[in-house]
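Chain by chain, the residues run as shown.
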Amino acid sequence: MNFKRYITSSPFDVNTYVFEMNGTLYVVDPGEGISQFVKDPVVVLITHGHCDHISGIPELQVKELFISPEDAHMLTDPAANLSLSFMDHPVVVELEWKDIDSGFKTLKVPGHTKGSRFIIFDGVVFTGDTVFSDTIGRIDLGGSEEDMKVTLCRIEEFFRNLPQEWIVCPGHGETTTVKDLLRRNPFLRRNVT
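Heads up: these notes are all about the structure in this document. None of the values given here were measured: they were computed from a predicted structure.

The subject of this paragraph is the pairing of strand E5 (residues 62–67). With four bridges connecting them, strand E4 (residues 42–45) and E5 associate as parallel partners. Bridge pairing in E5 places Val42 opposite Val62. By the bridge criterion, two bridges tie E5 to strand E6 (residues 98–99) in an arrangement that is parallel. Bridge assignment links Ile67 to a residue of E6, and that residue is Asp99.

Here's what the structure looks like:
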């Protein structure tokens, strides 16, 4: 899969990913400023409901919006999506949404938020803020330490069963391969030889 990565939602530096598949343009985690790169109608995919990952939705011509049921309330709740705490304006997205699990291949990865998801395509995994190339996401922003511990065990096995050359696309920082993720991320390299 060919995709473009744009840095949005300054100063949070969110990775917003854009790709076309079967004639449809997709945007993963649109942060503020995405409209300077995307002008056409899109399908929006959300890995989790924090403000920096949803604040660009109002800038787009959204055909469909997909998010987990657990995080869907964050679209319209500025306290829950943390925009009241971290942005100079509340983020409210009043669009109809669909369950991302019913429309796409996902993996439930609670920990950073209750409804965090990996979104999986052939050769690419969008991980949001659950896992980055060399660390994991915070658990103190509406997540859970207990959930993250369980998730880390599940995703270590998940990544070990993927082809090594698959691309991992986190919500912040650089993209990486599965091979490099398992080498560099101390939270996922328990049994590396």
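Residue placement: Lys39 occurs in the loop between strand E3 (24–28) and E4. Look at Lys39 and you get exposed, because its relative accessible area is 58%. Each C-alpha atom of the pair Lys39 and Leu188 lies 38 Å from the other, and the pair is 149 residues apart in sequence. One polar contact links the side chain of Lys39 to the main-chain carbonyl oxygen of Ser35, over a distance of 2.7 Å.

The next point concerns the sheet that holds E6. Strand order in this open sheet of six strands is E1-E2-E3-E4-E5-E6, and the pairing throughout is mixed. Edge positions in the sheet fall to strand E1 (4–8) and E6, since each has one partner strand and no second. As judged from the five bridges shared by strand E2 (residues 14–21) and E3, these two strands associate in the antiparallel manner. Its bridge partner lying in E3, Met21 is registered against Thr24.

Let's shift gears to the side chain of His48. Relative to the assigned elements, His48 resides in the loop between E4 and helix H1 (51–54). Only 3.0 Å separates the side chain of His48 from the side chain of Thr47, close enough to count as a polar contact. Here Asp129 takes part through its side chain, which lies 3.3 Å from a polar atom of the side chain of His48. Ignoring any residue separated from it by four or fewer positions in sequence, one finds His48 in contact with Asp29, His53, Ile54, Asp71, His112, Thr113, Ser116, Gly128 and Asp129.

Cut-offs used in this document
- Residues numbered from 1 in each chain as written.
- Predicted model: local features only at pLDDT ≥ 70, side-chain atom pairs only at ≥ 80, totals over all residues.
- Heavy atoms only, no water.
- Pairing = 2+ DSSP bridges.
- Helix = DSSP H or I, 4+ residues; strand = E, 2+ residues; numbered from the N terminus.
- Buried < 20%, exposed > 50% of the residue type's maximum accessible area, 1.4 Å probe, protein only.
- Polar contact = N/O pair within 3.5 Å; in protein donor to acceptor, adjacent residues only side chain to side chain.
- Contact = heavy atoms within 4.5 Å.

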